[in-house]
Amino acid sequence: MKIKKAVIPAAGLGTRMLPATKTIPKEMLPVVDKPSIQYIIEEAVASGIEDILIVTNRAKSAMDDYFDYHPELEESLKRAGKVNEIETVRRTADLANIFYVRQKETKGLGHAIWRAKHFVGDEPFAVLLGDDIMVSETPVMRQLIDLAEEYSCSVVGVQRVSREVIGKYCTLGVKPVKERCYDVTELIEKPRPEQVISDFAILGRYVLTPAIFDVLEDLPAGYGGEIQLTDGLNALCQNERMLACDFEGKRYDTGNLRGYMEVTIDMALEHPEIKDWMKDFLRSKIENS
Ligand code: G1P
């Protein structure tokens, strides 16, 4: 089992980040000097992924342009002798083989993944949610792929979350297999307090077998009247093995203002050109507040 394809659903409306996302796709909002989706693509590539399908909608064409060459800009940079800048703008277009499909109606995550059926074909594939930026020593997607390749089955990326916030995610029934690895027995999307099965929730990363497409095809709408991927996974894990990988790494939810500010400050504190300045700046702000 080799995983070479990934799907990035990026067709959400970004309503938690208005007004910035009124005309700019939320995936294109910069985190320091790169749009947030570039971090997701870099994680996929660092995990061995070669072909990436981005599920978009009609308001997201800035993304297609970003991952394309820009001959006029390159020509102007060349004339100005800006060699490093040429390399930087070229690199985004050469990161991976990127494909696009539109989700013509906003019908939920399960429906967005279903749109990837023809791209994926008959092989297991990775899913990386566009809102979740991960920072880890071994790329989070690589941790999931290692397990999927070892056990030849689907794997979902989980971490423990507090009971106060688990209702924003999903909850899983799990049985231990080995360190940081569990069998998944049941999943519930956006659980009410009395439905919580464990503290584990899926956070933005999946490796799925193509059997998910048959499940999604006939799946009734679930939470919020949308086709929920979690409902599809709940059906899938009744028929075939599914593991949960309690991955190592920090996850940022860039789809809300706090998560977005958190990742921006943390990334700035790691950025070679500005990290020292950023530290001094933050220190002086706190001292003077
Ligand atoms: C989605 C999934 C949910 C998951 C969450 C975080 O929810 O449906 O199961 O826990 O992402 O990755 P959303 O953030 O779209 O409401």
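Structure first, text after, so check above.
Just so it is clear, the model here is predicted, and its values are computed rather than measured.

S.K.: Describe in detail the site of the ligand, supporting the description with residues and values.
M.R.: In the neighbourhood of the ligand, the contacting residues comprise L109, L129, D132, Y169, C170, E189, K190, I202, L203, G204 and T230. Contacts to the ligand include G204, whose backbone N or O atom sits 2.8 Å from an oxygen atom. For the ligand, an oxygen atom lies 3.2 Å from a polar atom in the side chain of T230. Across the complex, the protein chains shield 77% of the 380 Å² of accessible surface that the ligand would expose by itself. With 3 residues, strand β11 (residues 200-208) is the single largest residue contributor to the shell around the ligand.

S.K.: Describe the sheet that holds strand β8 (residues 154-160), and please don't skip the residues or the numbers.
M.R.: With respect to topology, 9 strands assemble into an open sheet ordered β5-β4-β1-β6-β11-β8-β12-β10-β9, the strand pairing being mixed. The sheet is open, and its two borders are formed by β5 (97-102) and β9 (170-178), each paired with just one other strand. With strand direction ignored, the average angle separating the axes of adjacent strands in the sheet is 35°. Along the sheet, helix α1 (residues 36-46) makes contact with β1 (5-9), β4 (51-56), β5, β6 (125-128) and β11, crossing β4 at roughly 150°. Strands β6, β8, β9, β10 (181-189), β11 and β12 (242-246) of the sheet are contacted by helix α7 (residues 140-151), whose axis makes an angle of about 65° with β11.

S.K.: Can you explain the packing of aromatic side chains? Please cite residues and give values.
M.R.: Inspection of the entire model under this criterion finds 5 aromatic pairs. Ring centres of F125 and F213 lie 5.3 Å apart, and the angle between their planes is 10°; this geometry places the pair in the stacked category. Separated by 88 residues along the polypeptide, F125 in strand β6 and F213 in helix α8 (residues 211-217) bring together distant segments of the chain. Summarising the burial analysis for this pair, F125 and F213 share the class buried. With a centroid separation of 5.0 Å and an interplanar angle of 55°, the aromatic rings of Y182 and F200 are classed as tilted. In this pair, Y182 sits in strand β10 while F200 sits in strand β11, placing the two residues 18 residues apart along the sequence.

Cut-off values and rules
Residues numbered from 1 in each chain as written. Predicted model: local features only at pLDDT ≥ 70, side-chain atom pairs only at ≥ 80, totals over all residues. Heavy atoms only, no water. Near = heavy atom within 4 Å. Polar contact = N/O pair within 3.5 Å; in protein donor to acceptor, adjacent residues only side chain to side chain. Areas by Shrake-Rupley, 256 points an atom, 1.4 Å probe, with all protein chains shown as cover. Helix = DSSP H or I, 4+ residues; strand = E, 2+ residues; numbered from the N terminus. Pairing = 2+ DSSP bridges. Axes fitted to C-alpha atoms, helices over the stretch in contact; angles between N-to-C directions. Contact = heavy atoms within 4.5 Å. Phe/Tyr/Trp six-rings, centres within 6.5 Å; stacked < 30°, edge-to-face > 60°. Buried < 20%, exposed > 50% of the residue type's maximum accessible area, 1.4 Å probe, protein only.

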